[in-house]
Structure formats: C-alpha cells, structure tokens
Amino acid sequence: MMKKILFATDFSENAAAALVFAIKMAQKHHASLVMLHIFDVPTSWNYPYTDDPIEMEREALKDSLSKLKAYFQEYAKDDSVGLEVSYHARENLSQVKGIVSFALEQEPQLIVIGTRGGSMAKEIIVGGTAKSLIPRSPAPVLAVPEVAIFREVKNVLYLTDFHEMDVEAIRKLIEILAPYDPEISITHVNTYLIDSGHEKKEWFKNLVKENLPAKKIHFHQILADNIYDGINSYLNDNRLDMLVMLEKRRESFLDKIFHQDLVKRMDFHTTMPLLSFNEHYLRGLP
C-alpha cells in the first residue's frame, strides 16, 4: 500500500482531473496527499509594493499556499473526508528540478501531474513538465490528461519491449494498484517487418511468471503496419483504464513508440492516464 502521494500543480485547469485521480488513489490506499506548487523567482512586477526580495519571496510563498488550499477545496468536495492533506510551495526556476528536489525530500510512492488535452502525441501526453519529469523522477509518474475521468482501475495496458526491468516495473505497478486488483495486459507492439523473435518473447513471459506468479497477468502481441496504428486500434477495441510504460536509460520506449517525423504527426486520442516508471528509479540509481 502506498503511504504518500505527491500532487504537483501549476493551478491550470488541465491539472484538475489529475487532482481528482490523486485524491481517489490516496483514499483507496489510506495514504496522505502532499500538494506542491513550484513558483518562479518573484519580481516587482508581481509585488510592486516592495523592492525587498526577501519580502517578495515571503509573499509568493504565502500566495502559493493559499492558492493550493483553495484549489484543493474547489475540486475535492466530499472526496476529502478523512484524507490527510499537506500543502507545500517551493521557489525554483525549473518546475522539474523543483518537483524532483521536493520528491527526494518527501519520498512519495507516486507523483501525479496533469497534462494537456486528450492527444497522445508525445509532445502532448508527455509534453512540458511531464515529459522532462518522467526520466528524472525518483518515483513513478502518473500523467493525467485534462479530459480524463476517474474510474476504478480494472484493466491496465502495460506496453513492453521485452526489457528485463519491465519485471520490476510490473511488480511496482501491482503494488500501486493493489487495492484495485486489476487485470494487467502485458503487450508488445511491432510491425510485420520487424517482429521480435519467438525465443525472446518466451524468455520474457517465463521471467514474468517466475517472478510474479499467480497474478492477473495476460500476454498479448500486436502486429500492425505501423506501431501507431497497432496501439490506437488496441486502445479503441478494449476498455482500458490506464496505460503503463517503462522509460529506459539508453533507448526510451516512449521515443521508440512516439517517434515521428516533423511533418507526418499522428495523434492517439485517449482520455487514459499514463503511468511511467524510469529505469534509474527501479534500479535505485541517483
């Protein structure tokens, strides 16, 4: 069971759905919810009544904490009953560095962040802060599209490239979603021309079964003319509640899947949250 969930927000509307997910999951795990806002260095433009930088920072911190509380109260409604919530604000020129630094202090089991729109093109679903945070995060990152609607997590799609660290990621996934006890579809997507060998598939399947016995895990393979169409078709044909991926140290699976030239862009329209693990976190590396 998770003990602490970190929700990072910039107060934009696209983070509202992510806050709902964070609240629901914290309640399900009986975990505390830590709310964080990273603010930029305050200037006289923001606080024209003083030219004292210390006073500006003090006021910026006060404003941020006040906004966090109001933001929570606006979207939490009755879902906050019995939930332990704390509010934090930090000054940092970088949203990502600020979140990572705070997460290293707090050691949450999950970081929840909002993303724009329902488009799954890489620059959208993992665009901006989320895109930069995923490979650096000291905890799994749940990126929630602004159009996502929370529902009990019953069916999960884990996209694999037959990497040995996928097993550890799936183990962590099972821990995070333990209260929901979902069906997990471990799926490999490839094109007809570069289909992976049978031996590698069987090796990975046996590795999972040896390390994660008696779990609701199923294995699937999708072959398509291109990876985009294969994933898109699977998402459309199956009722899924969450998409999960491993961000590898050397060759990002996200980069492989969402690689596209600058002219021909493809959108995966979905309202599904994306849960990402990075290899540094799984290996316990800094």
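Residues numbered from 1 in each chain as written. Predicted model: local features only at pLDDT ≥ 70, side-chain atom pairs only at ≥ 80, totals over all residues. Heavy atoms only, no water.

## Considering the sheet that holds strand E6 (residues 155–159)
- Overall, mixed pairing links the 10 strands, which are arranged E3-E2-E1-E4-E5-E10-E9-E6-E7-E8 in an open sheet. Strands with a single pairing partner mark the edges of an open sheet, and in this sheet they are strand E3 (85–91) and strand E8 (217–224). Neighbour-to-neighbour, the strand axes of this sheet turn through a mean angle of 25 degrees, independent of strand direction.
- Where E6 lies against strand E9 (residues 242–247), 3 bridges are found, and the strand directions are parallel. Bridge pairing in E9 places Leu 157 opposite Leu 243.
- Against the sheet, helix H7 (residues 198–211) makes contact with strand E7 (183–191) and E8, and its axis sits at roughly 160 degrees relative to E8, the strand it touches most. (Pairing = 2+ DSSP bridges. Helix = DSSP H or I, 4+ residues; strand = E, 2+ residues; numbered from the N terminus. Axes fitted to C-alpha atoms, helices over the stretch in contact; angles between N-to-C directions. Contact = heavy atoms within 4.5 Å.)

## As for the environment of Val 112
- Counting through the fold element by element, Val 112 comes out in strand E4 (residues 110–115).
- Apart from residues no more than four positions distant in its own chain, Val 112 is found in contact with Ile 5, Leu 6, Phe 7, Ala 8, Ala 18, Ala 22, Leu 142 and Val 144.

## What about the pairing of strand E5 (residues 141–145)?
- Counting buried positions along E5 yields 5 of 5 residues, so the element is predominantly enclosed.
- Judged from the 5 bridges that link them, E4 and E5 form a sheet pairing that is parallel. Bridge assignment links Ile 111 to a residue of E5, and that residue is Val 141.
- Relative to strand E10 (residues 274–278), E5 is paired through 3 bridges, and the arrangement is antiparallel. The residue bridging Leu 142 from the neighbouring strand is Leu 275, located in E10. (Buried < 20%, exposed > 50% of the residue type's maximum accessible area, 1.4 Å probe, protein only.)

## Here's the deal with H7
- An ideal rise of 1.5 Å per residue puts 20 Å on 14 residues; H7 measures up with 20 Å between its terminal C-alpha atoms.
- For H7, the full list of buried residues reads Lys 201, Phe 204, Leu 207 and Val 208. The buried residues of H7 all sit within an arc of 130 degrees when viewed along its axis, so they share a single face. When the buried face of H7 is taken as reference, the exposed residues oriented beyond 90 degrees from it are His 198, Glu 199 and Glu 210.
- Against the buried residues of H7 lie helix H6 (165–176), E7 and E8. (Expected span 1.5 Å × (residues − 1). Arc of directions from axis to C-beta.)

## Digging into unusual backbone geometry
- Although it is not a glycine, His 30 sits at a positive phi angle of roughly 55 degrees.
- Its identity is not glycine, yet Phe 162 carries a phi of approximately 60 degrees, on the positive side.
- Examined against the element boundaries, Phe 162 turns out to sit in the loop between E6 and H6.

## Quick notes on the pattern of salt bridges
- The final tally for this structure, using the stated rule, is 8 salt bridges.
- Asp 181 is paired through a salt bridge with Lys 216; the nearest N and O atoms lie 3.0 Å apart. In this pair, Asp 181 sits in the loop between H6 and E7 while Lys 216 sits in the loop between H7 and E8, placing the two residues 35 residues apart along the sequence.
- When its relative accessible area of 43% is taken as the criterion, Asp 181 is described as partly exposed.
- In this structure, Arg 283 engages Glu 279 in a salt bridge whose closest nitrogen and oxygen atoms are separated by 2.6 Å. Of the two residues, Arg 283 and Glu 279 both sit in helix H10 (residues 279–283), 4 residues apart, roughly one turn of that helix. (Salt bridge = Lys/Arg side-chain N within 4 Å of Asp/Glu carboxyl O.)

## Side note on the environment of Ile 186
- Within the fold, Ile 186 resides in strand E7.
- Classification of Ile 186 as buried rests on a relative accessible area of 1%.
- For the pair formed by Ile 186 and Tyr 158, sequence separation is 28 residues and the distance between their alpha carbons is 4.8 Å.
- Residues in contact with Ile 186, not counting those within four places in the same chain, are Tyr 158, Thr 160, Ile 170, Phe 204, Val 208, Ile 217, His 218, Phe 219 and His 220.

## Overview of the pairing of E6
- Where burial is concerned, most of E6 is hidden: 4 out of the 5 residues are buried.
- Alignment of E6 against E7, held across 5 bridges, turns out to be parallel. Bridging across to E7, Val 156 finds its partner in Ile 184.
- Traced from E6 through H6 to E7, the parallel crossover comes out right-handed. (Right-handed = clockwise from strand over helix to strand, strands pointing away.)

Honestly, that's just the spatial picture; any functional story needs more than this.
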